[in-house]
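What follows is the residue order along each chain.
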Amino acid sequence: LRVCNEGWEIGLYQIILHQIIALSSVAYAYQDGGEPDDKLSSEQKYRKVVNKPSFLEYFSYVFFFPSSILGPAPEFREYCDFILKKGEFEKLPSTFIPSMVRMLQGFLCLGLHTVLHTIFPPIFASTQEFANSSLWYKMAWLQISCYGIRNKYYTAWCLTDGGMFATGYTFNGYDKDNNAKLDRTYQINILEIELGHNSRTMIENWNHDVHLWLKRYTYARVRKVMSSGGAAYITYFISAFWHGFYPSYYLGFGTIAFINENMKHIPKLVVKYPWLKSFGGKFLLYQFAMQSANYNGMTFTLLLWENILPFFNAVFWYILIGHIFIFILFNFTSFTRVPKHLEDKYLEEIGRKPRKKEEQ
């Protein structure tokens, strides 16, 4: 990505990023194909590639046009089934309307980004005028400006999602009402990000395809030899390295890893303090998660240290300091201590899997 005034342009580097995803995922799947099944997880067994791909299979997969520039990258095994119309792909429903709707969503996001980026330019966050404003003004300004920034990414990802919808590859069976599900792979879930009240939910639904790649081919493998926290920090470092070498990437992903560890305690917090299930409680959690996202979003956008440092100073490093305080509160006091069975019950209520004991 090349720096250009307040943001960046998309060049060949962007294509290379997604080539790395395709190349590494098929390489790991082929490696898994040579391992005994008792050493593989159920997901690895499903995605493993036993036979060496032919020249045509390999390069048609790597350069599959709908996903070659911005993703989402298909898994090689599923891609082959899709091309050969095998299994779930034998009979595909029409995806014309969903693909057109996704395209229109992309154009709507483009309009929102164009307007908001003009009125609330991100570079303003590094100016003295911004620093002289009240903290409440800064938080409100960041909410609007970062929403405009996110819509730039929503634009690109909605358009690429629409392309994948049109191919039929995203078909993932039918729901209980016999409606086709198109969630086999996707890049973005806007509502989960904009209305989520947990940073972990936001992270999982932002650039979802890359999230799955990091989870399957970095976190899950590193997790076999170290704790969940250590594996998470290594995974976020790999993500920063994959993005590039600007200081903002390493600051941002380091902070996200720290925030993500704190977010593991939110279910315990809700169980111990039931008022957080109320509208007021959910709004408080939402603001906490969104302000964290805005802080990191602006960090990524400003890119260079000479822009990032004035912004951090202007907002008094409030998110980082806040999360350090929360980390101490959550891990070294009884503030969030609750019986595990109550936490597991709540996680099941909200559709999340209970965490293993060693990940507590």
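About the thresholds
Residues numbered from 1 in each chain as written. Predicted model: local features only at pLDDT ≥ 70, side-chain atom pairs only at ≥ 80, totals over all residues. Heavy atoms only, no water. Helix = DSSP H or I, 4+ residues; strand = E, 2+ residues; numbered from the N terminus. Rg over C-alpha atoms; globule rule 2.2 N^0.38 Å. Buried < 20%, exposed > 50% of the residue type's maximum accessible area, 1.4 Å probe, protein only. Contact = heavy atoms within 4.5 Å. Areas by Shrake-Rupley, 256 points an atom, 1.4 Å probe, with all protein chains shown as cover. Lys, Arg positive; Asp, Glu negative; His and termini not counted. Charge placed at Lys NZ, Arg CZ, Asp CG, Glu CD. Core = buried A, V, L, I, M, F, W, Y, C linked by side-chain atoms within 4.5 Å. Arc of directions from axis to C-beta. Salt bridge = Lys/Arg side-chain N within 4 Å of Asp/Glu carboxyl O.

A.B. asks: For the overall build of the protein, give the residues involved together with the corresponding values.
C.D. replies: Each helix and strand counted, the protein has 17 helices and two strands in total. For 360 residues, the compact-globule estimate of 2.2 N^0.38 gives 21 Å, and the protein sits close to it at 21 Å. If one aligns the C-alpha atoms of the protein with their principal axes, the spans along those axes are about 60 × 50 × 40 Å. For the protein, buried positions account for 47% of its 360 residues. Within the protein, residue pairs in contact and separated by at least 24 positions form 67% of the contacts whose partners lie at least 6 positions apart. Of the roughly 18700 Å² of accessible surface on the protein, a fraction of 65% belongs to carbon and sulfur atoms. If you average the places of the 36 positive and of the 30 negative side-chain charges in the protein, the two averages end up 5 Å apart.

A.B. asks: Outline the nonpolar core, supporting the account with residue identities and numerical values.
C.D. replies: Grouped together as the largest cluster of nonpolar side chains are 28 residues, with contacts concentrated most on Phe130, Leu142, Met298 and Phe311. Put simply, the parts of the chain that give this core at least two residues each are helix H7 (135-167), helix H12 (247-263), helix H13 (266-272), helix H14 (279-302), helix H15 (305-314) and helix H16 (318-332). Here the element with the most residues in this core is H7; it accounts for five residues. Those residues in contact with Leu142 that lie beyond four places of it in its chain are Phe130, Tyr147, Asn294, Met298, Phe311, Val315 and Tyr318. Formed by 14 residues, the second largest nonpolar core is a distinct cluster that contains Tyr61, Phe82, Phe89 and Tyr169.

A.B. asks: Got a sec to walk through H15? Specific residues and values, please.
C.D. replies: Within H15 the residues assigned to the buried category are Asn307, Ile308, Phe311, Phe312 and Ala314. Looking down the long axis of H15, one finds its buried residues gathered within 160° of arc, a one-sided arrangement. Against helix H6 (128-131), H7, H12 and H14 lie the buried residues of H15. Immediately downstream of H15, the backbone of Phe316 shows phi near 60°, a positive value.

A.B. asks: Tell me what's going on with the pattern of salt bridges, and back it up with residues and numbers.
C.D. replies: Across all of its chains, the model carries eleven salt bridges by this definition. Residue Asp37 is joined to Lys48 by a salt bridge in which the shortest nitrogen-to-oxygen separation is 2.7 Å. In this pair, Asp37 sits in the loop between helix H1 (12-33) and helix H2 (42-47) while Lys48 sits in the loop between H2 and helix H3 (55-62), placing the two residues eleven residues apart along the sequence. Across the pair Glu78 and Arg47 runs a salt bridge whose closest N-O atoms are separated by 3.8 Å. Taken as a pair, Glu78 in helix H4 (residues 76-84) and Arg47 in helix H2 lie far apart in primary sequence, 31 residues in all. The class for Glu78 is buried, based on a relative accessible area of 6%. Salt bridges here are not isolated pairs; linked through shared partners, they connect Arg47, Glu78, Glu88 and Arg184.

A.B. asks: Can you tell me about unusual backbone geometry, naming the residues and giving the values?
C.D. replies: We note that Leu303 has phi near 65°; this positive angle belongs to a residue other than glycine. Its place among the elements puts Leu303 in the loop between H14 and H15. A positive phi angle is found at Trp317, which is not glycine, with a value near 55°. With respect to the helices, strands and loops of the structure, Trp317 is situated in the loop between H15 and H16. With a relative accessible area of 27%, Trp317 lands in the partly exposed category.

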